[in-house]
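Here's the letter readout for the chains.
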Protein chains: 2
Amino acid sequence: MHKITFYPGGKTVEAREGQSILRAAGSHGIHINATCGGKGNCGKCRVILREGDITSRESGFLSEKDLSHGVRLACQSFPETDLVVEIPLSSQMRRGSKIAQGSKFDELQKSVQSACDGEFKPITRKIFLRLPPPNLDDNISDTERIKRELAKRGYEAAEIRLNLHILRKIGTALRARDWAVTLTILTVGNVIEVMDVQPGDTVNPRYGAAVDIGTTSIVVYLVDIPTGKILDIASTYNPQVRCGEDVISRMIYASEKNGLDELQKLAVGAVNDMLIKMARNKGIEPEGIDTIIVSGNTTMTHLFYGIDPSHIREEPYIPTATFFPLMRTHALGLEINDFGVIYAMPCVASYVGGDITSGILASKLYKRPGLTLFIDIGTNGEIVLGNSDWMVTAACSAGPAFEGGGVKFGMRAMDGAIEKVSIDPVTFDVKIAVIGNCPPIGNCAPIGICGSGMIDAVAEMFLTGVIDLRGKINMDVGSDRVIAGEDGPEFVLVRAGESGSGKDISLTEPDINNIVRTKGAIYAGFSTLLGEVGYTFADVEKVYIAGGFGNYLDVERAITIGLLPDLPVARFEFLGNTSIMGAYMALLSKALRRDVEDIARKMTYLELSVSRSFMDEYVSSLFLPHTNAEQFPTVLKMLESVRK
Amino acid sequence: MHKITFYPGGKTVEAREGQSILRAAGSHGIHINATCGGKGNCGKCRVILREGDITSRESGFLSEKDLSHGVRLACQSFPETDLVVEIPLSSQMRRGSKIAQGSKFDELQKSVQSACDGEFKPITRKIFLRLPPPNLDDNISDTERIKRELAKRGYEAAEIRLNLHILRKIGTALRARDWAVTLTILTVGNVIEVMDVQPGDTVNPRYGAAVDIGTTSIVVYLVDIPTGKILDIASTYNPQVRCGEDVISRMIYASEKNGLDELQKLAVGAVNDMLIKMARNKGIEPEGIDTIIVSGNTTMTHLFYGIDPSHIREEPYIPTATFFPLMRTHALGLEINDFGVIYAMPCVASYVGGDITSGILASKLYKRPGLTLFIDIGTNGEIVLGNSDWMVTAACSAGPAFEGGGVKFGMRAMDGAIEKVSIDPVTFDVKIAVIGNCPPIGNCAPIGICGSGMIDAVAEMFLTGVIDLRGKINMDVGSDRVIAGEDGPEFVLVRAGESGSGKDISLTEPDINNIVRTKGAIYAGFSTLLGEVGYTFADVEKVYIAGGFGNYLDVERAITIGLLPDLPVARFEFLGNTSIMGAYMALLSKALRRDVEDIARKMTYLELSVSRSFMDEYVSSLFLPHTNAEQFPTVLKMLESVRK
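Calculation criteria
Residues numbered from 1 in each chain as written. Chains lettered and ligands numbered in written order. Predicted model: local features only at pLDDT ≥ 70, side-chain atom pairs only at ≥ 80, totals over all residues. Heavy atoms only, no water. Contact = heavy atoms within 4.5 Å. Buried area = accessible area lost by both parts, 1.4 Å probe. Salt bridge = Lys/Arg side-chain N within 4 Å of Asp/Glu carboxyl O. Helix = DSSP H or I, 4+ residues; strand = E, 2+ residues; numbered from the N terminus. Nonpolar A, V, L, I, M, F, W, Y, C, P; charged D, E, K, R; others polar. Core = buried A, V, L, I, M, F, W, Y, C linked by side-chain atoms within 4.5 Å. Buried < 20%, exposed > 50% of the residue type's maximum accessible area, 1.4 Å probe, protein only. Axes fitted to C-alpha atoms, helices over the stretch in contact; angles between N-to-C directions. Parallel < 35°, antiparallel > 145°, perpendicular 65-115°, else oblique. pLDDT = per-residue confidence, 0-100. Pairing = 2+ DSSP bridges. Left-handed = near helix turned anticlockwise from the far one by under 90°. Least-squares fit on C-alpha atoms with pLDDT ≥ 70 in both. Polar contact = N/O pair within 3.5 Å; in protein donor to acceptor, adjacent residues only side chain to side chain. Phe/Tyr/Trp six-rings, centres within 6.5 Å; stacked < 30°, edge-to-face > 60°. Lys NZ or Arg CZ within 6 Å of the ring centre and 35° of its normal.

Moving on, we come to the interface of chain A and chain B. Counting residues at the interface gives 51 residues for chain A, matched by 51 residues for chain B. With both chains or domains summed, chain A and chain B bury close to 3,900 Å², and 62% of this area falls on carbon and sulfur atoms. Put simply, chain A and chain B have two salt bridges between them. Salt-bridge contacts for Glu193 of chain A lead to Arg161 of chain B; the nearest nitrogen and oxygen are separated by 3.4 Å. Among the secondary structure elements, those contributing two or more residues to the side of chain A that touches chain B are helix H4 (142-152), strand S9 (159-162), helix H5 (164-176), strand S10 (180-188) and strand S11 (191-199) of chain A. Class assignment of the residues belonging to the side of chain A that touches chain B gives a composition of 27 nonpolar, 14 polar and ten charged.

Here you go:
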């Protein structure tokens, strides 16, 4: 057993026999980025060995120079002695910028209120009962007394069930406040289940939480149920990231020994932490929170419930569940009210999950008569096309390029990421905007490029002729930013002297290739869905863009590279995190829960990965902006004007 | 911490600081009789201190001679050093004689078969499904596939619920045997709950158990569900006896720290032991047992479920539940199938429990047009009067005399107990029969007297003039068996030389007084119930006597002392243990489960303890046979003939 001291922080941890530096760090809560989950495939978990000896597996990711500077991959390095290890900025997880808020929430609250006719209906109902105390002439049992009172109040049921916990506490609860109790009841079919019984009148206060379990981030709304008010919002990176950055690597991780359990506990632990902290800040007992709505993609939902997601990954891609029965929160390890319940936004298929049904609910697409396209671009691009009558949906495995994967200097949209790029068509000078507010002067030195930056960069490179319609770099363009790198030609966006890492930040031909494939997959998804239902882009009245990515996206640039269809900009609308919005709505409204279940049932899922027409569309989309450039008249015009 | 070695057995255990010998023994599974639960009130836990020192609390139960022989009360004795302790025969619990069996079971099985039209319907149903495997065109989730198949098979439900355990195993289960699975389903109202899913066809074999949780004994039937065959029967003393012999002392014990938990675990542990042993004997995996029906009085049922019974004991005598919702067996600690269910025979009130509704089910009283009396005499005498139209029921707290409590040499009907007594009217010679088959010659030396022996003895003493109609011993009867004892006059049934304990076995005046009060309470119960509904004993067409006690009862002698009404002997019928019979029937038949629930709802409960007319009837019943002797014409005739 060797000790490892990590900097920054200086925390010393013990590494178990055979444990890599990455695993040792992870098992003590120290994060090192690792897109591939520690398989040695992504090269992201670079650390600098300051003291001590290790054995190290071969890795193609490290140059001679790297090695001479002590750089190692944490997942491939095993301590032989006590170590001192530095985690460089590029390998540290940093908190995302807070989700844009503002007056949106009042609007959200109002829209739910109107959907409920003002009366919120969370999943369980709390009822205050003042029971007639028993006497020798009225000596039915405690539970029969409860049932009789419920019947009197009009709660008809084929059966009223009380579980063992309730049976064990009901006698005391009834007598604690003179036969005044508050029941929490759940109605399923014609059966009423008593979920909790508390002495006295505890109908108010009452709290619930909406939880968006994203592959990358987890967001929680703490909600005052009686008023529907969002009391607080918290977000954090999904700590499962340490087990793999995308759903596929997490599914693989889940299939390893204890992997599923670890992933489940990580996500639930993060939610617990946030809830407990928020409750404390607001002076609320976590016990007062008794309802949780989770919204996540199909894999995230399986993992949150501790259900093996492995069949999602194998053809024919079958999840265990798309509708998740109501559960008690304590069964999942949630540290709120002992008798709380959890409801999951229903999924549609393996790669169209509760985050999408939630998004459709929040976007109201399912109530719009006009043809609408809903897109959520992340590692997967999920697409819904439809209106109030019908909906088709598909997921295109776009790849993680826009989230930083497979792109040399790719990173998520966080501090230090280039989010905007413009290139002077004459001088090829590059102007950039960087995310973050880093010390000392509020201007971050760039360390990489995020999705919106990539889209800008590729669009500008295309318009300025740095790359051609195949994405090949033109070595003869006449700029010293075009250089021959290790992987072929590359374009330097930021020179070493201005970069946070002291190295050139560039886009390589393979990077551009990845970006083009990603945008191509998404656009091909749109085309295929439209084709399946006999429509064209011109018929689309509205395009909703959901997800954090959308907040930074420049629609014109996205059209330029052929990611988004060439429609008037006014038809596009950024909705933000519709996954959490839908969860919040479902927390408060029975009608909207019914709606979202109808949405899930109504959606026709198209499996693109085996679709012939998708393959054709995809191949056509591997050009800038597209093989059939006439689909992008605006872009053609731009090209003309720029090249003049 | 001191060690105590107990003989017989020679087992050495450690006594925790402040633990009495009784508790130390009990916590290591060594039984010492203690009617009062260790309060020092019953004087039954006599042990002989062979080695070591103790501190001992004062106790009026031990004579100088006792003390000089090392006799101590285990509950009042606390080790100061390591000890060697002998538990004399009289303080040892012994196994009861096996319940009479015979051809009754075939009859029972046939009667259930006819009630089910031959098709047994246990609580959960097992269904074998061969599902169409998923493919890219049929890619609904595993759970939706199950639901679709159930709908196809005609299982309509407002909702099909699957709990977390099922969700976590269903993916693997479906794929283990090529999409052939066996579901165990439960229908409640219009909701179907999937209780288990197993790969392949596991519909058969399948086992269940009927369990009678008596205050004194626990009886278990192991049943082959598909055929209804009773595979094996086991019985044991209820190990809760060590916490108190009657329901009242157990309720008090339950109110002490950890008492409820201990009582729950004792009963469940006994059932587990028997089930596991029976399963092993029959070559069955305990996992194959998935349904348990328990039948017990209201207190026993509460304790088995771990529900605080304390309100049963306090006016107005309210149990927590009379109908117990279906539970999962593992929630109670039953070590059978992980997904098994337990159903409790419904209770009527605090002192009329599931054993009685079970008895009414088994006796078929509720289907008889003629007026029928059902009695179950134990510590409490429970009475049901009625027919197919109506039923009234009551419990008379008869006291524990017939079970050995409050009678100097009283004991339960087990080896060494005098069960039959006859007295020569001239010589006053006593002939006795003793229960058991003790070595060496199959003839047990008597050590005490059980209920049936007491009834015989009092009847004979009354007929021969040893006692008068008030139960007072006639000192001038002219027999040297009438002696002046410590507590006043007594009648020696067995002289010291013939007794197993080496001491006279006698009945004292206080003993007789207790027996008269007991029989008086029961008879007053009959009278009160009849009076309430406007009938007399002459209207009673049938008297069913349930319970183990009934097996040994001499009806004529019971009439002689005024315990049973003076009806023709042919109207009496001994039914045996109807509690377990009813549980067995409910295990196999949905119709009979409905019947027993109807029985419980239909019965009108009379609280005798506050009934004015019961008090009057009780006072009138404190004579032999009764104040109004004309109610017992046969007895009057006997008295005449004997005294001639």
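One finds Phe304 and Tyr305 of chain A together with Phe304 and Tyr305 of chain B to be the most contacted residues of the largest nonpolar core, which totals 238 residues. In this view, Phe304 of chain B contacts Ile213, Gln264, Ala267, Val268, Val271, Val294, Leu332, Leu334 and Ile342 of chain B; residues no more than four positions away in its chain are not counted.

All names here are of chain A. Running from N to C, helix H6 (residues 247-254) and helix H7 (residues 259-281) point in directions that differ by 125 degrees, and their axes come no closer than 7 Å. Put simply, H6 runs oblique to H7. When H6 is examined against H7, the residues Arg250, Tyr253 and Ala254 are found in contact with a partner set consisting of Gly259, Leu260, Glu262 and Leu263. Of the residues in the contact of H6 with H7, the class split is four nonpolar, one polar and two charged.

What follows is about the pattern of salt bridges. Applying the stated criterion across every chain, the model contains 39 salt bridges over all chains. Lys542 of chain B is the salt-bridge partner of Glu573 of chain B, the closest N and O atoms lying 3.1 Å from each other. Placement of Glu573 of chain B in strand S28 (residues 572-576) and of Lys542 of chain B in strand S27 (residues 542-546) is noted, with a sequence separation of 31 residues between them. Residue classification places Glu573 of chain B among the partly exposed positions, given a relative accessible area of 32%. A single network of salt bridges, built from pairs that share partners, joins Asp138, Arg145 and Arg148 of chain A.

Before going further, it helps to examine the environment of Pro199 of chain B. Here Pro199 of chain B shows up in strand S11 (residues 191-199). Among all residues touching Pro199 of chain B, those that are not within four sequence positions of it are Ala173, Ala176, Arg177, Ala180 and Val181 of chain B.

Residues and elements named next belong to chain A. In this model, chain A carries a mean pLDDT of 90, and residues with pLDDT of at least 70 account for 95%. Overall, residues 94-103 carries pLDDT values under 50, and its contacts beyond four positions in sequence, including any with other chains, amount to 16 contacts. This prediction of the complex comes with two scores: 0.82 for pTM and 0.82 for ipTM.

Residues and elements named next belong to chain A. Counting buried positions along strand S18 (residues 372-377) gives six out of six residues, so the element sits mostly inside the fold. Alternating residues of S18 divide into Thr372, Phe374 and Asp376 and Leu373, Ile375 and Ile377, and every residue in both groups is buried. Two strands pair when backbone bridges link them, and S18 and strand S19 (residues 381-386) are joined in this way by six bridges, in the antiparallel orientation. Note on S19: the bridge partner recorded for Leu373 is Leu385.

Take the packing of helix H14 (residues 578-588) of chain A against helix H15 (residues 590-602) of chain A next. Residues and elements named next belong to chain A. Across the interface, H14 lies against H15 with an axial gap of 5 Å and an inter-helix angle of 130 degrees. As far as their axial angle goes, H15 and H14 are oblique. H15 is crossed by H14, and the crossing has left-handed handedness. Facing H14, whose interface residues are Met585, Ala586, Leu587 and Leu588, H15 presents Lys590, Leu592 and Arg593. Classifying every residue of the contact of H14 with H15 gives five nonpolar, no polar and two charged.

A few words on the pairing of strand S2 (residues 11-15) of chain A. On any regular strand, side chains alternate: one points to one face of the sheet, the next to the other face. Residue and element names in this part refer to chain A. Two elements, strand S1 (residues 2-7) and S2, share five bridges in a ladder whose sense is antiparallel. For Lys3, the partnering residue across the bridge sits in S2 and is Glu14. Hairpin geometry of S1 and S2 is characterised by an intervening segment of three residues between the two adjacent antiparallel strands and by a positive phi of about 115 degrees at Gly9.

Residues and elements named next belong to chain B. Spatially, the three strands line up as an open sheet ordered S24-S25-S26, and their pairing is antiparallel. A single partner strand is all that each edge strand has here, and the edge strands are strand S24 (482-485) and strand S26 (505-508). Between one strand and the next, the sheet's axes are offset by a mean angle of 45 degrees, whatever the strand orientation. In this sheet, S26 lies alongside strand S25 (residues 488-494) in antiparallel orientation, the contact comprising four bridges. Following the sheet pairing, Glu490 is matched in S26 by Thr508. Against the sheet, helix H12 (residues 509-532) makes contact with S25 and S26, and its axis sits at roughly 65 degrees relative to S26, the strand it touches most.

Turning our eyes to something else, we now look at the relation of the copies chain A and chain B. When chain A is fitted to chain B, the best match, at an RMSD of 0.2 Å, comes from turning it 180 degrees and sliding it 0.1 Å along the axis. Seen this way, the second copy is the image of the first under a two-fold rotation axis. Within chain A, the C-alpha atom positioned nearest to the axis of rotation is that of Asn190 of chain A, 3.0 Å from it. The overlap is high: 100% of the interface residues of chain A also sit at the interface in chain B, so the same surface is used on both sides.

All names here are of chain B. Spatial strand order, S22-S21-S23: three strands in an open sheet with mixed pairing. Only two strands of the sheet have a single partner each, and these edge strands are strand S22 (430-434) and strand S23 (448-449). Strand direction decides the pairing type here: strand S21 (residues 417-423) and S22, joined by five bridges, are antiparallel. When the bridges of S22 are listed, Ile418 appears paired with Val434. The strands that helix H11 (residues 451-463) touches are S21 and S23; relative to S21, the one it contacts most, it runs at about 15 degrees.

Right, let's get into the side chain of Asn514 of chain A. Residues and elements named next belong to chain A. Tracing the sequence through the fold places Asn514 in helix H12 (residues 509-532). Polar contacts involving the side chain of Asn514 include one to the main-chain carbonyl oxygen of Gly406, which spans 2.5 Å. Non-local contacts of Asn514, meaning those with residues more than four positions away in its chain, are made with Ala401 and Gly406.

Before going further, it helps to spend a moment on the packing of aromatic side chains. Residues and elements named next belong to chain A. Taken as a whole and assessed by the stated rule, the structure comprises 18 aromatic pairs over all chains. An angle of 10 degrees between the planes, with centres 6.1 Å apart, marks the rings of Phe614 and Tyr618 as stacked. Within this pair, Phe614 and its partner Tyr618 are both found in helix H16 (residues 612-620), separated by four residues, close to a single helical turn. The burial state of Phe614 is the same as that of Tyr618; both residues are buried. Here the aromatic cluster, defined as three or more aromatic residues joined through ring pairs, consists of Tyr523, Phe526, Phe537 and Phe632. Above the ring of Trp179, the side-chain terminus of Arg145 is found at 5.9 Å from the ring centroid.

Turning next to unusual backbone geometry. A cis geometry characterises the amide bond from Glu315 of chain A onward to Pro316 of chain A, with omega recorded as 0 degrees. You will see that Asn258 of chain B, though not glycine, has its phi angle at about 60 degrees, which is positive. The topology assignment puts Asn258 of chain B in the loop between helix H6 (247-254) and helix H7 (259-281). We classify Asn258 of chain B as exposed; its relative accessible area is 52%.

The next subject is the environment of Asp196 of chain A. All names here are of chain A. For Asp196, the position within the fold is in strand S11. For Asp196, a relative accessible area of 3% translates into the label buried. A sequence separation of 322 residues divides Asp196 from Thr518, and the C-alpha atoms of the two residues are 50 Å apart. Residues in contact with Asp196, not counting those within four places in the same chain, are Ile166, Lys169, Thr182, Leu183, Thr184, Asn337 and Phe339. Polar side-chain contacts of Asp196 include one of 2.7 Å to the side chain of Lys169. Looking at Asp196, its side chain comes within polar contact range of the side chain of Gln198, at 3.3 Å.

Residue and element names in this part refer to chain A. A large share of H14 lies buried, amounting to eleven of its eleven residues. Buried within H14 we find Thr578, Ser579, Ile580, Met581, Gly582, Ala583, Tyr584, Met585, Ala586, Leu587 and Leu588. Measuring from the side-chain oxygen of the N-cap residue of H14 to the backbone nitrogen of Ser579 gives 3.1 Å; that N-cap residue is Asn577.

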